[in-house]
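# Structural characterization, general
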Amino acid sequence: MSRPSDAFESGFEDPRPVENPRLGPLEWARWAWRQLTSMRTALLLLLALAIAAVPGSLIPQESADPNGVISWKASNAAFVSIADVLQLFDVYTSAWFSAIYLLLFVSLVGCVVPRLFHHLKALRAAPPRTPARLGRLPAYRTAESEGDAEHALATGERLLRRRRYRLQRYGSSVSAERGYLRETGNLVFHTGLVGVLISVFVGGGFTYTGQRIVATGQTFVNEQQAYDTISTGRFFGDSSLQPYAITLNSLAVKYETRNLAALGEPIDYTADVTTQQPGQKPQKRVIKVNEPLSIGGTDVYLLGNGYAAKLTVRDAKGKVIFGGTVPFRPQDNDLTSLGVVKVGSASPKQLGLVGFLYPTAVRQTTGALASNFPDLLNPIVTFSVYTGSLGSGPQNVYTLDTTGMTQVAGPPTKTKGIQLSPADPVAILPDGLGTVRLDGITRFAALDIHHDPSQGWVGGFVVITVAGLITSLLIPRRRMWLKVTDEDGVLRLEYAALARGDDPALERAVADFAEEHRQALEADRGPVERVPAGV
Amino acid sequence: MTTPLDQLSVLLLLSAMGLYAVAFVAFALDLARRSSEAQAMADEAASRSAGATASAAVSEVRGGVATLVAAPPSVDGPPRSNRRTAARVALAVLTVGWVLHLGADVLRGIAAARVPWANMYEFSMTGTLIIVGIYLLALTRVDLRFLGAVITGLVLVLLGIATVGFRVAVSPLPPALQSYWLVIHVFVAILGTAFFTLSGAVSAVQLVQARRERVLAAGRTADRVKLLATVPTSTRLENIAYRVAIVGFILWTFTLIAGAIWANHAWGRYWGWDTKEVWTFIIWVIYAGYLHARATRGWRGNGSGWLNLIGYGAVLFNFGVVNVFFHGLHAYSGLSS
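Residues numbered from 1 in each chain as written. Chains lettered and ligands numbered in written order. Predicted model: local features only at pLDDT ≥ 70, side-chain atom pairs only at ≥ 80, totals over all residues. Heavy atoms only, no water.

Within chain B, the regular secondary structure consists of 9 helices and 0 strands. Secondary structure of chain B in N-to-C order comes out as α-α-α-α-α-α-α-α-α. Within chain B, buried positions represent 55% of all 337 residues. In chain B, the share of contacts with a sequence separation of at least 24, taken over all contacts with a separation of at least 6, comes to 82%. Accessible surface for chain B amounts to roughly 14400 Å². Of this, 69% is attributable to carbon and sulfur atoms. (Helix = DSSP H or I, 4+ residues; strand = E, 2+ residues; numbered from the N terminus. Buried < 20%, exposed > 50% of the residue type's maximum accessible area, 1.4 Å probe, protein only. Contact = heavy atoms within 4.5 Å. Areas by Shrake-Rupley, 256 points an atom, 1.4 Å probe, with all protein chains shown as cover.)

Right under this line is the structure:
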């Protein structure tokens, strides 16, 4: 924030040696406040903010890339404790980053408020007195004319008023000023920034963001326990979730098949869903990648997809001990996917299956399977089999904790792993454990559900901020003077202008005004002679 | 898959680069001429220093306009500028090159059946097109021919990197980019980048000019870089750089906002500190600092000039390094990792 451009304090430096007076606590506080709200400090804080934002782009952040954090920690074990102390995985909510921008905003407020009062005063004040020597101003020209001084001044006033200058007559001169909107815009811009910050802060408390994987045919009900993961703001309560249900009817995916340079790249995802809200009829809706679904105060985004296998596990007697749709997490662009089946009700030992789903399976020269196209052209599901204890406590559906388990099938054991395909859907588990059946393969949609009531506020303040920015940068503020001196019947006309802030068109403005004035006077009383300056 | 249209686009682009190279040489020749011209002017001035003021006054009277007192150094250049054959040749070649460049860009767009800025190759191609376009447009208002060598040189390097390092065949848009915000957000970013480029180039010359002015002011007469005598003063250059940067800053603000709105549509949040968002923010803050530096005592002049260059460095880093090497959601370089 700069000092107001019409403040008079600048430019006068006292050459006398400075005596340092003794400062009491109040004086020290005032001194510190002056320092903090000075332009130089604001500038340094801005640069500090820019530098402080850099580490967050070099080190993965918990908020944007949690998996990246895990792998960074794994490969930089020696630095993890230091990084944790410095909050390097949460740079943008860290104490030091927050300190910088809070200081910046305090400095901003401390600067805006006095400027606001100054500007309010300036808005009501008349333009300043005409300087004694106009020739010293950055833009200046003279002309001569005949006739009545009062008429020349009145004509000048009329022209300036038409150019929307504010006017004040001082004797035989007119003082004019325009572009007050420049400072207004500046103040609006900075106030708007504060508004954005506050809405983000306060609004953040009311937000929640949840993720849920929904396989084709499944229904998501908007309840807290229905989310796979959910993070909530501090004002989140039980009543924050509005009741609704979304059923995924189908997820259609199109892949590029003709352009060899982009073979297999996805070109469209379309999720057909049926939504149900209390007291309303079910509605058919569509969710696409750039087209979220708005429902019940939330936006529902389609952010991921993959395959899910419908599986049934029976024990040796033929009793169903597991039946369900198991999502497989994609591992590469051709959707080789990893999935886990946990059969807690198997006895005497619990049963765990870990395996891959290959949508278009091909056998590599090494003998291993791989997928070479993301669509379901030749799907194969393989499993390694574990027995033992699945462990207690919260379970991650994508990983199998094998610490309490023994592998009984699949490499590196000698027993061959399980292999299933639509053409050959049943496999016998080793050691008389029973059978696994592949009932089908469908797609799942990874839905992100967001609720952010502050969006409108943030958006509104951003619009105000931008309007202020453009006004403050592009509207020139300038003062213009016209002085008329009657020298024995010859009128000496002086035109001068001073820019308040950057003004590329200052000289042109004076020239245009002088020329228009000349023409207006000429039209009234005949030709006007012009002479070079200084004559 | 290389379609015939894309092949033609490449051919046009390479021809444009050839012409830019010719323009670069011609601009460089012009700079060399300026050097000897400045010497001649200095000699002339020395030989008839007494008559100089009188002749200036005469020319002003003959102009028939009311004069300015303390007229600022003119950017319209000294009266000899009209004789600058090399610069005129350079401009003509540059203009023809730009038309071919435009053709290359349009054909690429037609070949891909979408806007030609969906990956880094296309962004570079369109970005440099806009840089040269804005430079040519600016030339109709201010004489910035002294910048020609810097601009053509920079554009050549950028296009060289783009064709060798970023070149990818036409491929369909991934679902995440299928949005009209691709048209708005990215195009505004390109425009902003182009204005920052021009502003940065002026600031670079400003810093060199300021150094020369300091040397001259210190009384050392050895003016080694004579061509700078034909270039506006550092204060004047700073003003030009500032005005161009203002436009860039406003456009960059729109880039940031349009990006946030698009992110809200595509990813479910308007701001998430993705690496690219971080760098867009850093650039915005640096340029905000630059605008403030102009109003801070001790930072005007060289300080603000350096800040402008640091800001531009961040722009280049954001494009060339963050896109390719940083992990994030803005993975659209089209290069396989």
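Moving on to the overall build of chain A. The number of helices and strands found in chain A is 10 helices and 23 strands. For a compact globule of 535 residues, the expected C-alpha radius of gyration is about 24 Å, and chain A comes in at 37 Å, more than 25% above that figure. Expressed as lengths along the three principal axes of its C-alpha atoms, the size of chain A is roughly 125 × 65 × 55 Å. Within chain A, the fraction of its 535 residues that count as buried is 47%. About 27700 Å² of surface is accessible on chain A, with carbon and sulfur atoms providing 57% of the total. (Rg over C-alpha atoms; globule rule 2.2 N^0.38 Å.)

Quick look at the confidence of the model for chain A now. Per-residue pLDDT for chain A averages 88, and the proportion of residues at 70 or more is 94%. Low pLDDT (under 50) marks residues 1-14 of chain A, which in the prediction has 30 contacts with non-local residues, meaning those over four places away or in another chain. (pLDDT = per-residue confidence, 0-100.)

What follows covers the pattern of salt bridges. All told, the structure shown has 24 salt bridges over all chains when counted by the stated rule. Note that Glu177 of chain A and Arg479 of chain A form a salt bridge whose closest N and O atoms lie 2.9 Å from each other. On the criterion of sequence distance, the pair formed by Glu177 of chain A in strand β3 (residues 173-178) and Arg479 of chain A in strand β22 (residues 477-487) is long-range, its members being 302 residues apart. A salt bridge links Arg114 of chain B to Glu122 of chain B; the shortest N-O distance between them is 2.8 Å. Judged by its relative accessible area of 15%, Arg114 of chain B falls in the buried class. Salt bridges linked by common partners bring Asp6, Arg108, Arg114, Glu122 and Arg167 of chain B together as one network. (Salt bridge = Lys/Arg side-chain N within 4 Å of Asp/Glu carboxyl O.)

With 58 residues of chain B in contact, the opposing surface of chain A contributes 63 residues. Counting the surface lost from both chain B and chain A, the interface buries some 5000 Å², and carbon and sulfur atoms represent 65% of this. Counting across the interface, chain B meets chain A through 2 salt bridges. A salt bridge links Arg294 of chain B to Asp502 of chain A; the nearest nitrogen and oxygen atoms lie 3.6 Å apart. There are 11 residue pairs in polar contact (both at pLDDT 80 or more) connecting chain B and chain A. (Buried area = accessible area lost by both parts, 1.4 Å probe. Polar contact = N/O pair within 3.5 Å; in protein donor to acceptor, adjacent residues only side chain to side chain.)

Okay, the pairing of strand β13 (residues 337-343) of chain A next. Residue and element names in this part refer to chain A. Across the 7 residues of β13, 5 count as buried, placing the element largely inside the fold. Relative to β13, strand β12 (residues 320-330) runs antiparallel, the two being bridged by 2 bridges. By the bridge assignment for β13, Arg329 is matched with Leu338. Between the antiparallel neighbours β12 and β13 lie 6 residues, among them Leu335 with a positive phi of about 60 degrees. Pairing of β13 with strand β14 (residues 350-358), which is carried by 7 bridges, proceeds in the antiparallel orientation. Residue pairing for β14: Val341 is matched across the bridge by Leu353. (Pairing = 2+ DSSP bridges.)

When the parts of a complex come together, some accessible area is lost, and that lost area is often taken as the interface size. Residue and element names in this part refer to chain B. Here chain B is partitioned into domain 1 (1-49 + 82-172) and domain 2 (174-337). Taking the mean C-alpha position of each, domain 1 and domain 2 sit 19 Å from one another. Contacts between domain 1 and domain 2 engage 33 residues on the former and 35 residues on the latter. Contact between domain 1 and domain 2 buries roughly 2900 Å² in total, counting both sides, with carbon and sulfur atoms accounting for 84%. Sorting the residues of domain 1 by area buried against domain 2 places Trp117, Met120 and Phe123 first, and these three jointly supply 23% of that buried surface. Where domain 1 touches domain 2, the interface holds 0 salt bridges. (Domains from an automatic or database assignment.)

Walk down a regular strand and you will see the side chains alternate between the two sheet faces. Residue and element names in this part refer to chain A. In terms of strand pairing, strand β2 (residues 166-170) meets β3 through 5 bridges, oriented antiparallel. By the bridge assignment, Arg166 is partnered in β3 with Glu177. Between β2 and β3, which pair antiparallel one after the other, the connecting turn spans 2 residues, and Gly171 there sits at a positive phi close to 60 degrees.

Within the largest apolar cluster, 121 residues are counted, with the highest numbers of intra-cluster contacts made by Phe97 of chain A together with Leu94, Tyr135 and Leu147 of chain B. Here this core takes 15 residues from helix α7 (residues 234-266) of chain B, the largest share from any one element. Setting aside anything within four residues of it in sequence, one finds Phe97 of chain A in contact with Leu49, Ala52, Ala53, Val91 and Tyr92 of chain A together with Trp273 and Phe281 of chain B. Of all hydrophobic cores here, the second largest spans 53 residues; its members include Leu241, Phe322, Ala409 and Leu429 of chain A. (Core = buried A, V, L, I, M, F, W, Y, C linked by side-chain atoms within 4.5 Å.)

With that out of the way, let us pick up the sheet that holds strand β8 (residues 266-276) of chain A. Residues and elements named next belong to chain A. Ordered by their spatial adjacency, 4 strands build an open sheet running β5-β7-β8-β9, and the pairing between neighbours is antiparallel. Of all the strands in the sheet, the pair left with one neighbour each is β5 (219-221) and β9 (283-288). For this sheet, the mean inter-axis angle between neighbouring strands, taken without regard to orientation, is 30 degrees. As defined by bridge partners, strand β7 (residues 245-255) adjoins β8 across 10 bridges and the pair is classed as antiparallel. Each residue of the ladder has a partner; that of Tyr255, found in β8, is Pro266. (Axes fitted to C-alpha atoms, helices over the stretch in contact; angles between N-to-C directions.)

What follows covers the sheet that holds strand β1 (residues 139-146) of chain A. Residue and element names in this part refer to chain A. Taking strand neighbours across the sheet as the criterion, the 5 strands line up as β1-β23-β22-β3-β2 in an open arrangement whose pairing is antiparallel. With partners counted over all chains shown, the strands left at the sheet margins are β1 and β2, one partner each. Here the strands of the sheet are splayed against their neighbours by 15 degrees on average, with no regard to which way each runs. Packing of helix α8 (residues 180-204) onto the sheet brings it into contact with β2, β3, β22 and β23 (490-500), and relative to β22 it is tilted by some 160 degrees.

Attention shifts here to the packing of α8 of chain A against helix α9 (residues 455-474) of chain A. Residue and element names in this part refer to chain A. Between α8 and α9, the shortest axis-to-axis distance is 7 Å and the interhelical angle comes to 155 degrees. The pairing of α8 with α9 is recorded here as roughly antiparallel in orientation. Along this stretch, α8 crosses α9, giving a crossing that reads as left-handed. For the pair α8 and α9, the contacting residues are Leu181, Arg182, Gly185, Asn186, Val188, Phe189, Gly192, Leu193, Gly195, Val196, Ser199 and Val200 in the first and Trp457, Val458, Phe461, Val462, Ile464, Thr465, Gly468, Leu469, Thr471, Ser472 and Leu473 in the second. (Parallel < 35°, antiparallel > 145°, perpendicular 65-115°, else oblique. Left-handed = near helix turned anticlockwise from the far one by under 90°.)

When you line up the elements, Asp448 of chain A lands in strand β21 (residues 434-451). With no salt bridge to any partner, buried Asp448 of chain A finds its closest opposite charge in Arg269 of chain B, at an N-O distance of 7.9 Å. A distance of 3.4 Å separates the side chain of Asp448 of chain A from the side chain of His450 of chain A, its partner in a polar contact. When near neighbours in sequence (up to four residues on either side) are disregarded, Asp448 of chain A contacts Gly210, Gln211, Asp299, Val300, Tyr301 and Leu303 of chain A. (Lys, Arg positive; Asp, Glu negative; His and termini not counted.)

Once that is clear, we can look at the confidence of the model for chain B. All names here are of chain B. Looking at chain B, the pLDDT average stands at 84 and 83% of residues meet or exceed 70. No element of chain B has a lower mean pLDDT than helix α2 (residues 49-63), at 41, and none a higher one than helix α3 (residues 85-112), at 95. Scored below 50 in pLDDT, residues 50-81 shows 32 contacts in the model against residues more than four places distant or in partner chains. Taken together, the chains of this predicted complex give a pTM of 0.85 and an interface ipTM of 0.84.

Before going further, it helps to examine the packing of aromatic side chains. Applying the stated criterion across every chain yields a total of 29 aromatic pairs over all chains. On the numbers, 5.4 Å between centres and 75 degrees between planes, the contact of Trp72 of chain A with Phe89 of chain A is edge-to-face. One end of the pair, Trp72 of chain A, is in helix α4 (residues 66-75); the other, Phe89 of chain A, is in the loop between α5 (80-85) and α6 (95-124), and 17 residues separate them in sequence. Residues Tyr242 of chain B and Tyr290 of chain B carry aromatic rings whose centres are separated by 6.3 Å and whose planes lie at 55 degrees to one another, so their mutual orientation is tilted. Of the two residues, Tyr242 of chain B is situated in helix α7 and Tyr290 of chain B in helix α8 (residues 275-293); the sequence distance between them amounts to 48 residues. Judged by relative accessible area, which is 7%, Tyr242 of chain B ranks as buried. Connected via pairs of aromatic rings, a cluster forms that spans Tyr92, Phe97, Tyr101 and Phe201 of chain A together with Trp271, Trp273 and Phe281 of chain B. Lys73 of chain A extends its terminal NZ or CZ atom over the ring of Phe89 of chain A, reaching a point 4.9 Å from the ring centre. (Phe/Tyr/Trp six-rings, centres within 6.5 Å; stacked < 30°, edge-to-face > 60°. Lys NZ or Arg CZ within 6 Å of the ring centre and 35° of its normal.)

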